[in-house]
Amino acid sequence: MAKIYYDKDAKLEHLKDRKVAVIGYGSQGHAHALNLRDSGVDVIVGLYRGSKSWKKAEKDGFEVYEVSEAVKKSDFVSMLIPDTVQPAVYNKYIRDNLKEGSVLLFAHGFNIHYNQIIPPSYVDVVLVAPKSPGHLVRRMFEEGKGVPALVAVHQDYSGKALDYALAYAKGLGCTRAGVIETTFKEETETDLFGEQVDLCGGVAELIKATFEILVEAGYQPEVAYFEALHELKLIVDLIYEGGIYAMWYSVSDTAKYGGMTRGKRIINERVKEEMRKILKEIQTGEFAREWILENMAGRPSFYKLLEMERNHPIEKVGKELRKMMPWIKGIDVD
Ligand SMILES: NC(=O)C1=CN([C@@H]2O[C@H](COP(=O)(O)OP(=O)(O)OC[C@H]3O[C@@H](n4cnc5c(N)ncnc54)[C@H](OP(=O)(O)O)[C@@H]3O)[C@@H](O)[C@H]2O)C=CC1
Ligand SMILES: CC(=O)[C@](C)(O)C(=O)O
């Protein structure tokens, strides 16, 4: 059984004399900066000139500096910019400004695990990876709750790297929920696998396929939306609250029988074989190389695919129907 760390196992005092430079102010960056400051940590923000996040961070009351300046003014650097730009920004603005004994923190292990960033020997290198989108890291903290996280130590120059990681996780509110110690390898490979076959990729394709097949069979798009997407949230909440069995317990016997017999025809052995191939591509670095090359080429496929997602018919139907549900907070995507 994994060792799980909670509030009692983490001491914010380890950050008492530290100045944390949160580099990036996006999904994770804004949440980390706000939660840490609310936890009494001294936080500044590092961005690039012209960043649309600069004004947001200033409006939230942070001192904002260009990345190199923020690193020079700090002894704890939190890398919360996109994985794809981290190596270039690190090499140009961070590496030569890191003080001996600084802590270099990541929220995803990609660039350390695939050797895209090689830190100097005189710093601690740690991971604090919230298992949640950034906006919920903030929302749950404000509600007095927390999201679980993974922590890992890649390099322990000070002998206290895990203490710093746990203190940071506590500052985010993650030790309220529980924090598991892992490795950069395990966090990276499981996170990539989950977001590709389940959380993002798999779920999105299942929702769209359900919607498309119902609509092409002549059912109303609105009915298809409620079945394929809206109700999924309610079902997943049941699973979140009490596990898959609690969901079976709560749905009708007809849904139990239909789901237990037909679900295995969807996620069948052929599908599982494809999932194992995807995991292999992650473990061998094949996916990482493909993603790095896609970015070096200017993201030709990435933007085309994203546009197709944005223009899928389910988006138009959903936007109209969600207007009828004012309790849905919504996320500003423009
Ligand atoms: N999104 C999530 O929920 C999760 C993300 N992570 C990890 O967190 C890290 C940050 O990801 P995420 O929060 O999603 O990133 P976002 O894309 O949401 O935010 C990126 C931030 O970095 C800024 N930025 C972009 N380029 C540069 C640059 N060259 N120099 C300085 N700042 C820059 C952006 O400013 P501007 O907008 O102005 O360009 C923005 O403020 C990644 O390692 C990711 O894997 C981990 C767990 C979950
Ligand atoms: C929220 C999370 O951890 C994801 C889906 O893996 C990500 O956004 O990188």
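Residues numbered from 1 in each chain as written. Chains lettered and ligands numbered in written order. Predicted model: local features only at pLDDT ≥ 70, side-chain atom pairs only at ≥ 80, totals over all residues. Heavy atoms only, no water.

Defined as follows: UniProt positions are given in the numbering used here, feature names are shortened, and annotations may be inferred rather than shown by experiment.
The protein has the name Ketol-acid reductoisomerase (NADP(+)) in an unreviewed UniProt entry, where Ferroglobus placidus is given as its organism. Per UniProt, the protein has the following entry under Sequence similarities (unreviewed entry): "Belongs to the ketol-acid reductoisomerase family."

1. Some details on the UniProt feature "active site" (unreviewed entry) in the protein
Just so we agree on the cut-off: What counts as a helix is a DSSP run of H or I of at least four residues, what counts as a strand is a run of E of at least two, and both are numbered from the N terminus. Here the term buried applies to any residue with accessible area under 20% of the maximum for its type, exposed to any over 50%, and partly exposed to those in between, with areas from a 1.4 Å probe on protein chains only. Contact between two residues is taken to exist if any of their heavy atoms lie within 4.5 Å; hydrogens are not considered. Polar contacts, as used here, are pairs of N or O atoms within 3.5 Å; protein pairs need one atom able to donate a hydrogen and one able to accept it. Residues neighboring in sequence count only if both atoms are side-chain atoms.
UniProt annotation of "active site" (unreviewed entry) refers to H108 when read in the numbering used here. Along the chain, H108 turns up in the loop between β6 (103-106) and α5 (110-113). With relative accessibility at 11%, the residue H108 sits in the buried group. When near neighbours in sequence (up to four residues on either side) are disregarded, H108 contacts D83, L127, E187, T188, D191 and L192. Within the structure, H108 has its side chain in polar contact with the side chain of E187 (distance 3.0 Å).

2. Brief notes about the pattern of salt bridges
To be explicit about the condition: In what follows, salt bridge is the name for a side-chain nitrogen of Lys or Arg lying within 4 Å of a carboxyl oxygen of Asp or Glu.
For the coordinates displayed, the defined rule picks out 19 salt bridges. Between R138 and E142 there is a salt bridge whose closest N-O contact spans 3.5 Å. Pair noted here: R138 and E142 are both in helix α6 (residues 134-142), with a separation of four residues, about one helical turn. For E320, the salt bridge goes to K323, with nearest N and O atoms at 2.9 Å. Judged by its relative accessible area of 45%, E320 falls in the partly exposed class. Residue class for K323 comes out exposed when judged on its relative accessible area of 58%.

3. Quick word on the packing of aromatic side chains
Selection rule: Paired rings are identified among Phe, Tyr and Trp, the last through its six-membered ring, by centres lying within 6.5 Å, and are further divided according to the angle between planes into stacked (under 30 degrees), edge-to-face (over 60) and tilted (the rest). By definition, being over a ring means that NZ of Lys or CZ of Arg is both within 6 Å of the ring centre and within 35 degrees of the ring normal.
Applying the stated rule across the entire model yields seven aromatic pairs. Centroid distance F106 to F184: 6.4 Å. Interplanar angle 75 degrees. Geometry classified as edge-to-face. Of the two residues, F106 is situated in strand β6 and F184 in helix α8 (residues 184-197); the sequence distance between them amounts to 78 residues. When the ring of F110 is compared with that of Y114, the centres are 4.9 Å apart and the planes differ by 65 degrees; the resulting orientation is edge-to-face. F110 sits in the buried class, given a relative accessible area of 5%. For Y114, a relative accessible area of 12% gives the class buried. R37 extends its terminal NZ or CZ atom over the ring of F62, reaching a point 4.0 Å from the ring centre. The ring of F141 has R176 sitting right over it, with the charged end atom 4.4 Å from the ring centre.

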